[in-house]
Amino acid sequence: MPVVSMTVNGKPASADVEARTLLVQFIREQLGLTGTHVGCDTSQCGACVVHVDGRAVKSCTMLAAQAEGAEVLTIEGLAKNGELHPVQAAFREHHGLQCGFCTPGMIMTAIDMIRRNPGLDEETVREELEGNICRCTGYHNIVKAILAASQEMR
Amino acid sequence: MSDAASGEGIGQPVRRKEDYRFITGNGHYTDDINRPRQTFAYFLRSPHAHARIKSIDTSAAEAAPGVVAVFTGKHVANDGIGGLICGWTVTSKDGTPMKVGPHPILALDTVRYVGDHVAMVVAETLADARAAAELIEVDYEALPATVSLSSCQDGKAPQVHAEAPRNTCFEWELGNKAETEAAFAKADRVVKLDLKNNRLIPNAMEPRAAIGEFDKGTGIYTLHTTSQNPHVARLVLSAFVGVAPEHKLRVIAPDVGGGFGSKIFIYAEETACVWAAAKVGRPIKWTADRSEAFLSDAHGRDHLSHAELALDKDGRFLGLRVKTIANLGAYLSTFSAAVPTYLYGTLLSGQYDLPAIHVEVDGVYTHTAPVDAYRGAGRPEATYLIERIVETAARETGIDPAEIRRRNYVKTFPHQTPVIMNYDAGDYAASLDAALDAIDYKGFPARKAEAARRGMLRGIGFSSYIEACGLAPSAAVGSLGAGVGLWESAEVRVNPTGNIEVLTGSHSHGQGHETTFAQLVASRLGVPLANVEIVHGDTDKVQFGMGTYGSRSGAVGMSAIAKALDKIEAKAKKIAAHLMEAAVEDIVFENGVFTVQGTDKSLAWAELSLAAYTAHGFPSADIEPGLKEGAFYDPTNFTFPAGCHICEVEIDPDTGIVKIAKFVAVDDFGTVINPMIVEGQVHGGIAQGIGQALLEHGVYDADSGQLVTGSYMDYCMPRADDLPSFTLGFTKTECPSNPLGMKGCGEAGAIASPPAVINAVTDALGIREIEMPATPARIWEAAQAATSRAAAE
Ligand code: FES
Ligand code: FES
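Criteria and thresholds
Residues numbered from 1 in each chain as written. Chains lettered and ligands numbered in written order. Predicted model: local features only at pLDDT ≥ 70, side-chain atom pairs only at ≥ 80, totals over all residues. Heavy atoms only, no water. Helix = DSSP H or I, 4+ residues; strand = E, 2+ residues; numbered from the N terminus. Contact = heavy atoms within 4.5 Å. Areas by Shrake-Rupley, 256 points an atom, 1.4 Å probe, with all protein chains shown as cover. Lys, Arg positive; Asp, Glu negative; His and termini not counted. Charge placed at Lys NZ, Arg CZ, Asp CG, Glu CD. Domains from an automatic or database assignment. Buried area = accessible area lost by both parts, 1.4 Å probe. Salt bridge = Lys/Arg side-chain N within 4 Å of Asp/Glu carboxyl O. Polar contact = N/O pair within 3.5 Å; in protein donor to acceptor, adjacent residues only side chain to side chain. Buried < 20%, exposed > 50% of the residue type's maximum accessible area, 1.4 Å probe, protein only. Pairing = 2+ DSSP bridges. Axes fitted to C-alpha atoms, helices over the stretch in contact; angles between N-to-C directions.

**Q** I'd like a description of the overall build of chain A, backed by residues and values.
**A** Check the secondary structure of chain A and you find five helices and five strands. When the helices and strands of chain A are listed from N to C terminus, the series reads β-β-α-β-β-β-α-α-α-α. Nonlocal contacts in chain A, meaning residues at least 24 apart in sequence, comprise 56% of its contacts between residues at least 6 apart. For chain A, the exposed area adds up to about 6100 Å²; of that, 47% sits on carbon and sulfur atoms. Counting 13 positive and 18 negative side-chain charges, chain A places the averaged centre of each group 3 Å from the other.

**Q** For the domain arrangement of chain A, give the residues involved together with the corresponding values.
**A** It is common to give the size of an interface as the accessible area lost on bringing the parts into contact. All names here are of chain A. Here chain A is partitioned into domain 1 (3–77) and domain 2 (86–152). The centre of domain 1, based on its C-alpha atoms, is set 21 Å off from the matching centre of domain 2. Surface buried jointly by domain 1 and domain 2 totals about 1200 Å² across both partners, of which 61% is contributed by carbon and sulfur atoms. The largest per-residue losses of area from domain 1 upon contact with domain 2 belong to His37, His51 and Ile75, which jointly make up 39% of the total buried on that side. One can count zero salt bridges joining domain 1 with domain 2. Linking domain 1 with domain 2 are seven residue pairs in polar contact (both at pLDDT 80 or more).

**Q** Tell me about the environment of Gly345 of chain B, and please be specific about residues and values.
**A** Residue and element names in this part refer to chain B. Its place among the elements puts Gly345 in the loop between β14 (317–329) and β15 (356–365). Take Gly345: its relative accessible area is 0%, and that puts it in the buried class. Residues Gly345 and Val359 lie 14 residues apart in sequence; the distance between their C-alpha atoms is 6.4 Å. Among residues more than four places away in sequence, those in contact with Gly345 are Trp172, Leu174, Val359 and Val419.

**Q** I'd love a proper account of the sheet that holds strand β3 (residues 67–72) of chain B, names of residues and values included.
**A** All names here are of chain B. If you trace the seven strands from one edge of the open sheet to the other, you get β3-β5-β1-β12-β9-β10-β11, paired in mixed fashion. Strands at the two margins of the open sheet, each flanked by one partner only, are β3 and β11 (249–252). Along the sheet, successive strands turn relative to each other by an average axial angle of 20°, direction set aside. In this structure, strand β1 (residues 39–45) lies alongside strand β12 (residues 284–287), joined through two bridges in parallel fashion. Counterpart to Phe40 in the pairing with β12 is Lys285. Packed onto the sheet, helix α4 (residues 126–133) meets β1, β3 and β5 (117–123) and runs at close to 30° relative to β1. Across the sheet, helix α7 (residues 268–280) lies against β1, β3, β5, β9 (209–215), β10 (220–225), β11 and β12, angled at about 25° from β9, the strand it touches most.

In structure tokens form, the structure reads like this:
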């Protein structure tokens, strides 16, 4: 089995995995970082979004081997020294989560969205969330949280 | 209120206690849990909607790499394990009980829907289990399937169960038939409508999962599972399925990623995992992938109805008669028989003073996945029917849709409907007025004209909904066929240091109980929110509970806590009286401090808590040491949340695309503990309702019975860009039937919104009917037909 090595949340991580291992499996099963979730098997729901070299990626669409040498950031690596990332804080402040299952993917997507879109507006946020499904919130407060965080981060 | 507790009490939008773990990736959902030496299960499922199993050969699979065991229905039956049950018995109008076919955990000789469970492979890895399942040889004799609701009872359709001739499980009725006929006989006008309530697939974002374990030393089974009601699961698994005695089975529902009804039920996979764990002597883990969830989670809705409304010359409603065929799927699921009967027929009076109602419901079997409660459960189907026919009546009589509703509202309470329910409180005109204001109803004609200038069709639709929540008085549901009582339990444990654990039989899977329940405790005892811990979801910790569904956790679950808090306060006062050498009657408890009336003597909460456990010098006949009280609360009535939702849409006739221009929801939930959380519940419900109206549809191929909408590529989930932001408002009449005045808010959005949307769409198009989901294709066709009609006129 090939050894795959990458940096996850700033720490080196490597493991012997079967070639078919998906990045999300590597993260959840090899590294035990279970904040990244699996909500579908057709790359539609976005529960699995992480950052690979700074860009939001659905980790169920990528082999672990494809992330060889990459910098991976998961939801667990976001808060620094116990301080929440502004997007995390905004989700809490604006009640952007209920069951919490879609939340890690939503937050990782939102951070990338804010980075790429200075001056976000509601329509853009809603379009950009096309790849993340939430069944609980009706998106109302997720949109609100992302807009608030994007203001905050300007 | 003390400083510490201010801003944290009842009515405050307190930020949620549970959020920190979820936003940092530290939640513990079932699939996040791994047990030492665990194995993995994979279920081989039927590819046929209906087939006889001639033989199953598992030998190659058993010999495959990594395989620990392979189980079929025979193993389960030989072990004396029973089938799954329906916990509610419905009686037909001829007095016979519903006709129930067997529901084995793994199929014995027949499979009855695509996805039905045929065999379970347990292996070292999921990949091994999956690969081995492909080596199982099942010799099927494929049989024709019954899919269509309209023809399943024609006597020619293939039988799903031999026990149920004409695929009819029950023929149920409710209401006053003779009076209804008399009302129609004297009516000035009768409005008729045929309606379909589309089949939905719940799709909580966390798929179902289970880890079954068996401890050889103690004989104790443990099941971690995605459940909305772990105690009910334990009861069913022990008393009916016979997996293990109740005291030897622990069920834990940890963080659960949404339920919407689909995680109430006791399913085959979870049952098989806990049963087989003892067979293989190792933990067995199973997590559904989304495709399995589509196939095997209980679906929702799926009704075919004909409704008639009788009116007098002033547009007053005289009577309603309804005939509904309700799809139950291939097997009865845990509560499925109750959903299209007692949760549906009983709500057909809507918000209206309707003197005569008669409803007939046929519950039928088809070769499709079981159908059971999905957010709203019966009440959305009732609301859709009544609010569609009322809107149609408004159009046919030329009475303004707001006015016809207002004219017919129930205005005095209590109000006994002809269909069991006794409405205890409400002010329906108040929510209508607030909604009319919020949407600027007066400005609608101008907005419609402006849209027309842009070539767009604008429409407005109303929905004045009512639901029955707070399930439910045990005696009442017992008399209607429920196998359980629907009370709730709570235990309040005060620790010696004064902080508090509250054990509740409710279960939170997104509702935020850890926050709202703690708000109640904090404000009652005057302690900081941070000092209150809510414990739920583990049968080893909480003695018993009925779980969370039917918007019952506030009205019933919190009422149980309130009752336990009363007892805590009573005992604490006794202790305080002893310590301060005063009479109990003179003790005042406010903001977490005990004082003796008319003196400066006082005792803080923490001092009293400690004293309760040191128990020094307690008169032992009078006061036991400790401070812990439990309560069971059985509601005296259902609760009746109600309100008015108004939807305004704009349709592009060239593409058939609907844009929701504005959605207003004004709800009366009685007392609101945390408005932020309540609003979130409404948002989510509305999104699901809009999903039903415009996007979602669970479709089976009419001939083959294959599920056509088996993934997110085919089943259209509402996404952020399908929805607007919502405008919410609240009115308030307190519920007189529970100590907190709460009504429940979890389902209102999903119940109210579909008719509001469809009324708006049909208004925009100037048509009478359109089927849900009103997809762009359906709307485009209707728009084209409407345009050519207009041209011809
Ligand atoms: S799990 Fe990756 S998109 Fe759904
Ligand atoms: S919060 Fe439950 S799926 Fe989004």
